[in-house]
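Chains, contacts and geometry: an overview
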Amino acid sequence: MREVPPQTAPYEFLLALNQAIHPLVDAAEITLTAARLVCEYLKVSRCAYADVARDQDSFEITCDYSNGVRPFVGRYRSSEFGAEFVRLIESGQACVIEDAETDPRTQSVLGNYRQAQIRSMISVPLIKAGHLCALMAVHHDKPRRWRAEEVDLLQLVASRCWDSIERARVSRELRELNDSLKREVRSRTEEMTRSERQFAQLVAGVTDCAIYMLDADGFVSSWNPGAERIKGYSAEEIIGRHFSQFYTVEDRAIGLPDRSLSLVATKGKFEGEGWRMRKDGSRFWASVLIDPIYGPDHRVVGYAKITRDMTERRLIQEQLNQAQKMEAIGQLTGGVAHDFNNLLTVILGNLDVVQRRAAADDEKLQRAIEHATRGAERAAALTHQLLAFARRQPLNPKPTAVNQLVTTLLELIRRTLPEAIAVQSRLSAGVGQVSVDPNQMESALLNLAVNARDAMSGKGTLTIMTELVDVSEDEALRLGDLKPGPHAVISVVDTGVGMSAEVVARAFDPFFTTKPLGQGTGLGLSQVFGFVKQSGGTVKLQSEPGQGTTVKVYLPRVDASAEPRSERNGDELPRGDKTETVLVVEDEKDVRAYSIECLEELGFSVLHASDGPSALRMIADHPEIRLLFTDVGLPHMSGRELAEEARRLRPELPVLFTTGYAQDAMFQQGKLESNVELLTKPFNRTQLAARVRRLLDA
């Protein structure tokens, strides 16, 4: 069976599978555990594992995990599932059925599929040493369009089940053989010869481990099929040659082969991991165990060596480590930005107060205030970029003019890209508005522009185009998860190296990247895809090697009359009166003082608290409170928990959150519920007044 690269399957599922089946020693338990995990992960009706008979004409399902359908355990002839099934399985190919009712390959045996409650299925063969050994299949009682990655995943699971069963078998037989050898040594009978023969057969049957022997000087004296598979040498080629040739040039230069044998002789064992060389010159990451072999005089006469290829596991671990590192950087960045936003709220707020109270004719003072305000606003913009990187902002979708957003962003893109890259735009009239978070939309387009820059190696042409398309029902199905109707399309086109069909198919997969380790997380395009999908649209990629790449972002158009809500500026501030009481809950003393001062200047009555429990007591004691204005990050009780408890006491109470950053999960996947708004820090008096007034008047 074709070995599928690890990038094609979800790493966390495969690691969970490895962790679940690795400690198991019973074949039935291994296959049942794997079948259950696959069934739950792929959400199918049944996952089954079967051993193929030696005549290749029938198979016996030994393990069956079913969900909502009858068990399927039993012996079946391969021909019961159709001639095409037999042909594909015997040739080592997966048999994929999306609808047995309509598939011409199943019509002659459709009754068998109905009896088994199989409407759609994937069945993959496991071929070892040229023989069909086992089958693994997933069945579903409804039609289903299977994705290539689901077929690859099942192939990987089948292979790993087989490997685990083989390891369990080898481990069991080794234990049994060891017990047998002990009995034979005690009895000193001719059974010793039979046990030695069994051991030789056992070693010869192991193909996933290199098991071989060295003489006392380190020359290879025996060689099993697993060693040939892993290292590439046949027994005739390697026996009699020194084992140091399996080491890299660097390790040989520092004497690692001889040192490892010295450690075995003195300490009784050598165990470690490192790079080793194959016959074709390629490297693999090896787990190595060397034990001494003693003669009758208790002197070392040779060494037993076991080597396992751990390259795939090492690659998965490195990718997970990279993702965890980026997550840790994101958390640190988000925390720093949060603290800066608290400081900037106080700085910008008080600069606003000073500007309003300073003499209008004092030009030097007014100019100094304006300079300080601009500097603080630049700092606020920087914290916004940090939060965008850390993904700590909830979505705030609003009607956004597509052409206006692109036009505004073009200058930033030109400054970001090298001068050798020409940036062009072709904006169609009448594209209209879409409902998106404009900040996140800008980040997505910048992300695409940076990807295009890397693909062009710093030289070429980047073109951003907009158009309005009317998506029909057929096109909506083809594009996937779109509703028919008018859509704004933003296209980002580069003249870079382009991508192969295989890379295009996986470009949006999390952690997939064509960049060297450390130069890309593999999350950029997947974040763009996730944001666009969350906004009701989709992303399509068109590319060929040497022909550049086009990324098309589809977003549903919204009614142009739906103008975005805006805060009123200048002297037209909405005001309150003393009958409208606002409860301010903020643990940062300076931010709390600024918020209280703004609200009192606007005419509201204000109560305040520094934590959640104190605020709840005030809500219970003061029925005149009309609105809760709370920070999200509070000690003892978060702002979200405070709001939930407050609404149990007062279900109609409006809530205005403020935060330096907010975890998406706290706001229902990034969108706020009704009668609740979010005011991000830093905020000014105008923004605060507009939000409070809007919630009270709703």
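Residues numbered from 1 in each chain as written. Predicted model: local features only at pLDDT ≥ 70, side-chain atom pairs only at ≥ 80, totals over all residues. Heavy atoms only, no water.

**Section: helix H10 (residues 256-267)**
Compared with the 16 Å implied by 1.5 Å per residue over 12 residues, the 16 Å span of H10 between its first and last C-alpha is a close match. Those residues of H10 lying buried are Leu256, Pro257, Ser260, Leu261 and Val264. Down the axis of H10, the buried set is contained in an arc of 140°. They therefore lie on one face. Turned more than 90 degrees from where H10 packs its buried face, Asp258, Thr266 and Lys267 sit exposed. (Helix = DSSP H or I, 4+ residues; strand = E, 2+ residues; numbered from the N terminus. Expected span 1.5 Å × (residues − 1). Buried < 20%, exposed > 50% of the residue type's maximum accessible area, 1.4 Å probe, protein only. Arc of directions from axis to C-beta.)

**Considerations on the packing of aromatic side chains**
As enumerated under the stated definition, the model contains 16 aromatic pairs in all. Judged by centre distance (6.0 Å) and plane angle (35°), the rings of Phe59 and Phe81 are tilted. Residue Phe59 is found in strand S2 (residues 58-66), and its partner Phe81 is found in the loop between strand S3 (74-77) and helix H3 (83-90); the two are separated by 22 residues along the sequence. Since its relative accessible area comes to 5%, Phe59 is described here as buried. Ring centres 4.9 Å apart and planes at 50° place the aromatic pair Tyr212 and Trp223 in the tilted group. Taken together, the residues span a long stretch of sequence, with Tyr212 in strand S7 (residues 210-215) and Trp223 in strand S8 (residues 220-223) at a distance of 11 residues. When sorted by exposure, Tyr212 lands in the same class as Trp223, which is buried. (Phe/Tyr/Trp six-rings, centres within 6.5 Å; stacked < 30°, edge-to-face > 60°.)

**Things to note about the pattern of salt bridges**
In total, this model carries 27 salt bridges according to the counting rule given. Lys142 serves as the salt-bridge partner of Asp141, at 3.6 Å between the closest nitrogen and oxygen. Using a relative accessible area of 31% as the deciding quantity, one classes Asp141 as partly exposed. What emerges from the salt-bridge pattern is a single network uniting Arg144, Arg147, Glu149 and Glu150. (Salt bridge = Lys/Arg side-chain N within 4 Å of Asp/Glu carboxyl O.)

**With respect to the environment of Val504**
Relative to the elements of secondary structure, Val504 occurs in helix H16 (residues 501-506). Remark: the alpha-carbon pair of Val504 and Glu544, spanning 40 residues in sequence, is separated by 8.7 Å. Contact partners of Val504, with chain neighbours within four places excluded, come to Met499, Leu541 and Ser543. (Contact = heavy atoms within 4.5 Å.)

**Looking at the pairing of strand S1 (residues 46-52)**
Judged by how many residues are buried, S1 sits mostly within the fold: six of seven residues are covered. Across seven bridges, S1 lies against S2 in antiparallel orientation. Paired with Ala50 across the two strands is Ile61, which belongs to S2. (Pairing = 2+ DSSP bridges.)

**A word on the environment of Glu473**
Tracing the chain through its elements places Glu473 in helix H15 (residues 473-479). Along the sequence, Glu473 and Lys483 sit 10 residues apart, while their C-alpha atoms lie 7.5 Å from each other.

**Here we look at unusual backbone geometry**
A cis amide bond links Lys681 to the next residue, Pro682, at an omega of 0°. Looking at where Pro682 falls in the secondary structure, it is placed in the loop between strand S23 (676-680) and helix H21 (685-697). Although it is not a glycine, His636 adopts a positive phi angle of roughly 75°. Take His636: it is sitting in the loop between strand S21 (625-631) and helix H20 (639-649). Since its relative accessible area comes to 73%, His636 is described here as exposed.

**Some words on the confidence of the model for the chain**
Looking at the chain, the pLDDT average stands at 82 and 82% of residues meet or exceed 70. Highest mean pLDDT in the chain belongs to strand S4 (residues 95-97) (96); lowest belongs to helix H6 (residues 191-205) (59). pLDDT under 50 marks residues 662-670. Its contacts with residues more than four places away, or in other chains, come to 24 contacts. (pLDDT = per-residue confidence, 0-100.)

**Concerning the pairing of S3**
Residues of S3 alternate between two faces, with Gly74 and Tyr76 buried on one and Arg75 and Arg77 left unburied on the opposite face. With four bridges connecting them, S2 and S3 associate as antiparallel partners. For Glu60, the partnering residue across the bridge sits in S3 and is Arg75.

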